[in-house]
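Fold and geometry: a report
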Amino acid sequence: DASGDGDGVIGAWQWRFGDGATASSRTPAHPYAGAGIYTVELTVTDDRGAQTTALQTISVDAPPAPATPDGLTATDNRNGTARLAWRDASSTETAFELQRETWNSRTRSWRASTTLAVPIAGDASSGETETFVDNSGAGTHHYRVRASGGGNFSAWSAWVQVSVTTACTSRKCR
């Protein structure tokens, strides 16, 4: 804001950011939720009540996609669940998605994918280990993970495979 008043002082600022948000400070900071073209409006009022309004059209680019998570592992918990762990390779994601496919021994093919939304556990710092327990049931499953943030997705990680069992006795696991 470079506004001024030749015969007095500016007493109030009213900003409209073109996305429904407003502010009344002289130099506000405003994050946009998504890419787009927005018309920003500033109305200033001086100490005598006179007002003037200026409009500015701005273009907001989408943030870059988060980095692809790496180091995905899958472990059989021997209770019909699989424990998944991976390294968070970015600090810009807001969630993760896991994709699971299950082996169908009758058709000898992988069944259609199931996508699981995984919220971030912690502060989204790069390098942290994220974990998720999938109630997949017994069978052979493979998984991959990707990060999402700012409306963008990272690439998928490499697939990992695990055979999940429901119970183990001294003689066999099923």
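Basis of the calculations
- Residues numbered from 1 in each chain as written.
- Predicted model: local features only at pLDDT ≥ 70, side-chain atom pairs only at ≥ 80, totals over all residues.
- Heavy atoms only, no water.
- Phe/Tyr/Trp six-rings, centres within 6.5 Å; stacked < 30°, edge-to-face > 60°.
- Buried < 20%, exposed > 50% of the residue type's maximum accessible area, 1.4 Å probe, protein only.
- Helix = DSSP H or I, 4+ residues; strand = E, 2+ residues; numbered from the N terminus.
- Pairing = 2+ DSSP bridges.
- Salt bridge = Lys/Arg side-chain N within 4 Å of Asp/Glu carboxyl O.
- Polar contact = N/O pair within 3.5 Å; in protein donor to acceptor, adjacent residues only side chain to side chain.
- Contact = heavy atoms within 4.5 Å.

Before going further, it helps to examine the packing of aromatic side chains. Here the structure, examined in full by the defined rule, presents four aromatic pairs. For the ring pair Trp-15 and Phe-17, a centre distance of 6.2 Å and an interplane angle of 5° mean the geometry is stacked. The same class applies to Trp-15 and to Phe-17, which are both buried. Each ring, one from Trp-86 and one from Phe-96, has its centre 5.4 Å from the other, and the planes form 70°; the classification is edge-to-face. Residue Trp-86 is located in strand E6 (residues 82–87), and its partner Phe-96 is located in strand E7 (residues 95–104); the two are separated by ten residues in the primary sequence. You can call Trp-86 buried: its relative accessible area is 1%. Classification of Phe-96 by relative accessible area gives buried; the value is 1%.

Attention now moves to the pairing of strand E13 (residues 160–164). Burial along E13 is one-sided: the face carrying Val-160, Val-162 and Val-164 is buried and the face carrying Gln-161 and Ser-163 is not. Alignment of strand E11 (residues 139–149) against E13, held across five bridges, turns out to be antiparallel. If you follow Gly-139 over to E13, its bridge partner there is Val-164.

This next bit is on the pattern of salt bridges. For the structure on display, the rule yields four salt bridges. Note that Arg-146 and Glu-97 form a salt bridge whose closest N and O atoms lie 2.9 Å from each other. Taken together, the residues Arg-146 in strand E11 and Glu-97 in strand E7 connect sequence positions 49 residues apart. Between Arg-100 and Asp-134 there is a salt bridge; the shortest N-O distance is 2.6 Å.

Moving on to the side chain of His-141. Structurally, the position occupied by His-141 is in strand E11. Polar contacts involving the side chain of His-141 include one to the main-chain carbonyl oxygen of Gly-137, which spans 2.9 Å. With sequence-adjacent residues up to four places away left out, His-141 is seen in contact with Arg-100, Glu-101, Thr-102, Trp-110, Ser-136, Val-160, Gln-161, Val-162 and Val-164.

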